[in-house]
Amino acid sequence: MSEGAAKKEDKPRKFQAIRGTRDLLPPETALWNRVEQTVHSVFATFGFGEIRPPIFEATELFARAVGGETDIVSKEMYAFEDHERPDLAALRTTIAYRNPDVLNAWSVRLYIEQVNEFVRAFEDAIEKREIPATPDNLRALDDLKNQVPRASMIGTDPASNVHITGGFDPIIAGIRELLRAIQFGDVITLRPEATASVCRAYIEHNMQQLPQPVKLYYIGPMFRRERPQKGRYRQFYQIGAEILGGTDAPAIDAEVIEMVMTFFDKLELQGVQLDINSIGCRDCRPKYVELLRAELLKVKDKLGPDSQRRIETNPLRVLDSKLDSEQTIIAKLPHIADHLCEDCATHYAAVKRQLELRGVLYRENWRLVRGLDYYMRTTFEITAAGLGSQNAVCGGGRYDGLVELLGGPPTKGIGFAIGEDRLILSLQESEKAQSRVTSHQSLLIYIAWMGQNAHATAIRAAKDLRNAGFSVELPPVEQKFGKALGQADKLGARFALILGDNEVAEGLWTLKTLADGSQQKLTEQDLLDFLRKL
Ligand code: AMP
C-alpha cells in the first residue's frame, strides 16, 4: 500500500451532529438561559413547582397516552429494546429454542432442572427490577411455576416415556412457549412529549394525596423523527406545565393560559396570537366526529391522500390541513361549537368569560383540534412573529381522562407545551432580545499582564473580580500589551485592566476603557467600587 493510500484510510471520519439535531452555542445559549430563568420566576409566581422526569420511558406509556393513530406514535418515536440481563436471555434462548428434543425420563429431569434454575433466576430478576414486571412477564412466571412441577411428574411416570419419545410432550412444549413470551427489557422510547411522563409520575408518587390541584412544570429536550426544517427539529426543547387533580373549573383553564401569556409578555415576544377552541368530551365529541366523517365522505374525491386516509383514522385531523385545495371544502364542514353537549358548551363559555376577566385577548378558531388524542374540551395554540410556516410556539389543552387511562384515579388535567427553539427564534428576530444579551456580556474585563510579579497579582485580581460577579478574561500566557489589547477588543471586552511591574509596585492599577481609549489609575478597592457603580 502506498503511503498516500494509508494516509487516506487513516483519516478519521468527520463527525457531524445527527440530522435534525444541533449544538446550541454561545452567545445564543445566554438567551436560552434568560428564557429559562424567566420560566422559573414567572411560573413560581403562579404556584408551580419544577418536575424533571426521565428522558426515556416505556414505549407503551406514550402509545397509550398520545394515541396509536397519531403521527408521533405511528412513525416518529425513537424506540429501542433495553436489556439488563443478557445472561438470562441467553439461557432462555438455549432452553426455549436450542435444546435438543427431550428423549427419555433422564433427559426430561435434566431439562426440568435447567428450567427450574431459570425460573428462580427470573423471579429474582423481576423482584430486583432487572426484568420489567409487565403483566405478560408476571403471567409467564406464574404459569411456569405451575407447569414445572407437572412436567417433573412426566419423568417419574414410566408410562409417559413412550409418549415423550414420540415427540415433544405438550407440557414441555407449553413451557417452551411460555419462555418465548418473556420480555427481558422494556421497549423504551426517547420521550416525544412530557405530559405522559408527568401523569405517570403523578400516579407513581401518589400525588392525588397532596393538596389538589398539583401544579408542575418542566423544561427539557423531546425527540420526534420529523422531517427537519426551520423551527422543526428531531431533538427540540419544550417548556411545559400541567395542572392535575382538583376540579375542571374554567378559571383553571383561563389561569394556565394567562400564565403563558404573562411569560411571553415578560420576554417581550412579538406578534403573539392566542387561538382557542373546545373539542367537546367523551359524550359529544364522538357524535361530532361521526357527523364530520359522514360529511367528509361526501367530498372524499376532492381531498388529498392524507385527508382521505384521515377520514377513517382521525377525521378531526382533516381540519388541521394546510393544503390550499382543501380550504374551501373544509370551510363548509360543520363546526364543533354547534354540536357540544350542554356541559361542554357551558364550560367553554365560562372559559372565555374567565379569559376576559384576566384581560387575555383570544381568537376563537373552530379548526383548532390539536394533534394528540388525549385532549378534550379546551384546546389552545399560540403563534408568534418571525417563524414562517412553523409559527406555533405553544399548544395546550384539557385532558381529563388521561391519568385514568394510565391506570390512575379519576383526575382532571390541563396543560401546555411551548416550543423553546421556536420561542428563541422569534425572540432573535426582534432586536431587543439580542441587544440585551450583548449588553449583559459586555461587562467583560480583560487582564493584560506582563511579568511574573504581575501574573501573581493578575491571578488574585481575577479571583476578586469574579467573586464580585464580573466576567473576567485572564490570558494564560504573557502577552505584549499591544497584542493583549487587540485580543481584548476581539473578545468585545469593555475594559482592559493593565498590570505591569509599575502597577504592582505602586499598588495602583490601570483601567483602560476600550470604547474611547481613556485610562485611569485606581487602587484595587477603588476599581471594585467603580465597576459596581456601572
Ligand atoms: P405539541 O407537543 O406537538 O403540542 O407541540 C407543542 C409545541 O412544541 C409546538 O407548538 C411547537 O412550538 C413545539 N414543537 C413541536 N414539535 C417540534 C419540533 N419537531 N421542533 C421544534 N419544535 C416543536
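All figures in this text were calculated on a predicted structure; none of them were measured in a lab.

Now for the overall build of the protein. The helix and strand inventory of the protein stands at 22 helices and 16 strands. Relative to the compact-globule value of 24 Å for 534 residues, the protein shows a C-alpha radius of gyration of 33 Å, a clear excess of over 25%. Considered along the principal axes of its C-alpha atoms, the protein spans approximately 110 × 70 × 60 Å. For the protein, the proportion of contacts with a sequence separation of at least 24, taken over those separated by at least 6, is 72%. Carbon and sulfur atoms provide 51% of the accessible area of the protein, an area that totals close to 27400 Å². Averaging the positions of the 68 positive and the 74 negative side-chain charges in the protein gives two centres separated by 4 Å.

This brings us to the side chain of E503. As for its placement among the helices and strands, E503 is situated in helix α21 (residues 501-506). Although E503 is buried, it makes no salt bridge; K521 carries the closest opposite charge, 4.1 Å away. There is a polar contact of 2.7 Å between the side chain of E503 and the side chain of T510.

Let's shift gears to the sheet that holds strand β9 (residues 376-383). If you trace the 8 strands from one edge of the open sheet to the other, you get β1-β5-β6-β11-β10-β9-β7-β8, paired in mixed fashion. Every interior strand has two partners, whereas the edge strands, β1 (49-50) and β8 (363-364), have only one. Looking at chain direction, strand β10 (residues 392-398) and strand β11 (residues 413-419) are connected through 5 bridges and run antiparallel. Counted as the bridge partner of G395 is A417 from β11. The sheet contacts of helix α2 (residues 28-45) involve β1, β5 (214-223), β6 (235-244) and β11, and relative to β5 the element is tilted by about 160°. Packed on one face of the sheet, helix α11 (residues 250-266) meets β5, β6, β7 (273-278), β9, β10 and β11 and runs near 20° to β11.

It is worth spelling out the site of the ligand at this point. Near the ligand lie 15 residues; those nearest to it are R224, E226, Y233, R370 and A392. Within the backbone of G419, a nitrogen or oxygen atom sits 3.4 Å from an oxygen atom of the ligand. Isolated, the ligand exposes 480 Å² of accessible area, and the fraction of that covered by the protein chains is 91%. At the level of secondary structure, the elements contributing two or more residues to the shell around the ligand comprise β6, β10 and β11. The biggest single contributor to the shell around the ligand is β10, with 4 residues. Split into classes, the residues belonging to the shell around the ligand amount to 6 nonpolar, 4 polar and 5 charged.

With that out of the way, let us pick up the packing of aromatic side chains. For the structure shown, the criterion picks out 9 aromatic pairs. Each ring, one from F118 and one from F122, has its centre 5.7 Å from the other, and the planes form 20°; the classification is stacked. Of this pair, F118 and F122 both sit in helix α6 (residues 105-127), separated by 4 residues, roughly a single helical turn. For the residue pair F118 and F122, the accessibility class agrees, reading buried in each case. Relative to F264, the ring of F263 has its centre 5.7 Å away and its plane inclined at 35°; by these criteria the two rings are tilted. Chaining the aromatic ring pairs together yields one cluster made of F43, F48, Y217, F263, F264 and F416. Positioned above the aromatic ring of Y233, the side-chain terminus of R22 is 4.0 Å from the ring centre. One cation-aromatic arrangement involves R225 over Y78; the distance from NZ or CZ to the ring centre is 4.3 Å.

Cut-offs used in this document
- Residues numbered from 1 in each chain as written.
- Predicted model: local features only at pLDDT ≥ 70, side-chain atom pairs only at ≥ 80, totals over all residues.
- Heavy atoms only, no water.
- Helix = DSSP H or I, 4+ residues; strand = E, 2+ residues; numbered from the N terminus.
- Rg over C-alpha atoms; globule rule 2.2 N^0.38 Å.
- Contact = heavy atoms within 4.5 Å.
- Areas by Shrake-Rupley, 256 points an atom, 1.4 Å probe, with all protein chains shown as cover.
- Lys, Arg positive; Asp, Glu negative; His and termini not counted.
- Charge placed at Lys NZ, Arg CZ, Asp CG, Glu CD.
- Buried < 20%, exposed > 50% of the residue type's maximum accessible area, 1.4 Å probe, protein only.
- Salt bridge = Lys/Arg side-chain N within 4 Å of Asp/Glu carboxyl O.
- Polar contact = N/O pair within 3.5 Å; in protein donor to acceptor, adjacent residues only side chain to side chain.
- Pairing = 2+ DSSP bridges.
- Axes fitted to C-alpha atoms, helices over the stretch in contact; angles between N-to-C directions.
- Near = heavy atom within 4 Å.
- Nonpolar A, V, L, I, M, F, W, Y, C, P; charged D, E, K, R; others polar.
- Phe/Tyr/Trp six-rings, centres within 6.5 Å; stacked < 30°, edge-to-face > 60°.
- Lys NZ or Arg CZ within 6 Å of the ring centre and 35° of its normal.

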